[in-house]
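# Fold and geometry: a report
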Amino acid sequence: MDTVLKENLVHFPTLYVVSPSLRVSQLSVMFGYVKYFSLSPSLSLFDLHHTHINTYTLTTYTYTHQVAAEAHFKIPIEGNPTLADRPGNMYSTVGEGEKNIGPSIGVHVNGINIQGPNDAGAVNVDEAGFQLMCGGHVTPPVNDNQPPLYHYHKAADCTPAFKNESIPVSHGGMPAVHANLTGYANDGFGIYAFSDVGGVAPVLDECGGHFGPVHDDDPTSVVYHYHATTYTPYHLACQGPALQQCESTQHGTSFCGPGCGGFDLCVQPGTSELSLKQYVGKWNSTWLNSFTVNKF
Ligand SMILES: [Zn+2]
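Residues numbered from 1 in each chain as written. Predicted model: local features only at pLDDT ≥ 70, side-chain atom pairs only at ≥ 80, totals over all residues.

## Brief notes about the overall build of the protein
Scanning the protein from N- to C-terminus turns up three helices and 22 strands. Evaluated residue by residue, the protein yields a buried proportion of 41% over its 296 residues. Of the contacts formed within the protein by residues at least 6 apart in sequence, a portion of 63% connects residues at least 24 apart. (Helix = DSSP H or I, 4+ residues; strand = E, 2+ residues; numbered from the N terminus. Buried ≥ 20, exposed ≤ 12 C-beta atoms within 10 Å, placed from the backbone. Contact = placed C-beta atoms within 7 Å.)

## Some thoughts on helix α3 (residues 273-281)
Residues of α3 that are buried include every one of Leu 276, Tyr 279 and Val 280, and no others. Projected down its long axis, α3 carries its buried residues within an arc of 85°, all on one side. Buried residues belonging to α3 abut β20 (209-215) and β21 (218-227). (Arc of directions from axis to C-beta.)

## Topic: unusual backbone geometry
With omega at 0°, the peptide bond leading from Arg 86 into Pro 87 counts as cis. Summarising the element assignment, Pro 87 is placed in the loop between β9 (73-76) and β10 (88-89). For the peptide bond that leads from Gly 240 to Pro 241, omega is 5°, which places it in the cis range. Mapped onto the fold, Pro 241 is located in the loop between β22 (238-239) and α3. Of note in the backbone geometry, Cys 134 takes a positive phi value of approximately 55° without being a glycine. Structurally, the position occupied by Cys 134 is in the loop between β15 (123-124) and β16 (136-139). Exposure remark for Cys 134: the 18 C-beta atoms within 10 Å place this residue in the partly exposed category. Here Tyr 234, not a glycine, exhibits a phi torsion of approximately 70°, which is positive. Mapped onto the elements of the fold, Tyr 234 is located in the loop between β21 and β22. Given 27 C-beta atoms within a 10 Å radius, Tyr 234 is considered buried.

## Here's the deal with the pairing of β20
Among the seven residues in β20, five count as buried, and that is most of the element. As paired strands, β20 and β21 are joined by six bridges and run antiparallel to one another. Across the sheet, Phe 211 pairs through a bridge with Tyr 224, a residue of β21. With antiparallel pairing between neighbouring strands as the criterion, β20 and β21 make up a hairpin whose turn holds two residues. (Pairing = 2+ DSSP bridges.)

## As for the environment of Tyr 184
The topology assignment puts Tyr 184 in strand β18 (residues 181-185). Along the chain, Tyr 184 and Ile 77 lie 107 residues apart, while their C-alpha atoms are 9.3 Å from each other.

## Structural notes on the nonpolar core
Ala 185, Ala 193, Leu 236, Ala 237 and Cys 238 are the most contacted members of the largest nonpolar core, which has 48 residues in total. Put simply, the parts of the chain that give this core at least two residues each are β9, β12 (104-108), β17 (149-152), α2 (160-166), β18, β19 (190-192), β21 and α3. There are two domains that each give this core at least three residues, and those are domain 1 (3-152) and domain 2 (160-290). Ala 193 has contacts with Ala 155, Ala 161, Phe 162, Glu 165, Ala 179, Asn 180, Thr 182 and Ala 228, leaving out every residue within four places of it along the chain. (Core = buried A, V, L, I, M, F, W, Y, C linked by C-beta atoms within 7 Å. Domains from an automatic or database assignment.)

## Some remarks on the confidence of the model for the protein
Confidence in the prediction of the protein, expressed as mean pLDDT, is 79, and 73% of residues score 70 or more. Below a pLDDT of 50 lies the segment residues 1-13, which in the model reaches 31 contacts outside its immediate sequence neighbourhood of four places, other chains included. Long-range and interchain partners of residues 26-67, a stretch whose pLDDT sits below 50, account for 70 contacts in this model, where long-range means more than four residues apart. (pLDDT = per-residue confidence, 0-100.)

## Details of the pairing of β12
Buried residues dominate β12, accounting for five of its five residues. The sheet contact formed by β12 and strand β13 (residues 113-115) spans three bridges and is antiparallel. What sits directly across from Ser 104, in β13, is Gln 115. With antiparallel pairing between neighbouring strands as the criterion, β12 and β13 make up a hairpin whose turn holds four residues, including Gly 111 at a positive phi of roughly 95°. One ladder, built from three bridges, connects β12 with β18; its direction is antiparallel. The partner of Gly 106 across the bridge, within β18, is Ala 185.

As structure tokens, this is what we get:
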């Protein structure tokens, strides 16, 4: 059995595609409070349920010992920015989407769930003074149905998409390009690390997303996508496009960003207008005409 015990390391199965329309995170498992157990990605869900790891089993949640929780997600393969009900609440599932972790706003490409900018009610994680290792932490058990589970609130800055931006160029880092994909929001749109094309700051809407290419060498790679930020909401405040309506999706504390200067849609400067039209034209060729757009 290829099971490795490691401290302070999380290593989980990645997302995979189960149908033409849905992407699934197979499993996120977190054991205990102190030690994180890294499981071989080759273990199947069946194996996990029938495997004893030291004295712990995944089928028994006992708080006096190590415990485990599972997170499941189904998210659309491709987000649709032209849906009539946009913007959406950041916690909502969309279409045939599913999740079993209520506060999740998406899932990291490594399968770990990404939660909103708050914890313990409507208090922002920075405001609460949480120390977050790699942007996340393990929530202790709240009741019999909620065993502890590691999750991200902030940028998972120890993972590849972020290291690519922070490692010096002389050490192989590539900070001056559009950041790599770090996860998917519940609505199916990708969440990228900090920088935009050319390494510049992304021009984001109130949700934390924008339209623009995601590859420096392919101007036609225009999609709506989110960027992680070092400040709240860290990933997204609403499911965009924001259409200047982010506030309507907030409950209690607002995590909406400032937007791009009073426009419904925010497009990254330098984006090809033709590529933008071709992208939204997949769903609705006249959709853009209904909204104000920043100069790009
Ligand atoms: Zn971008």
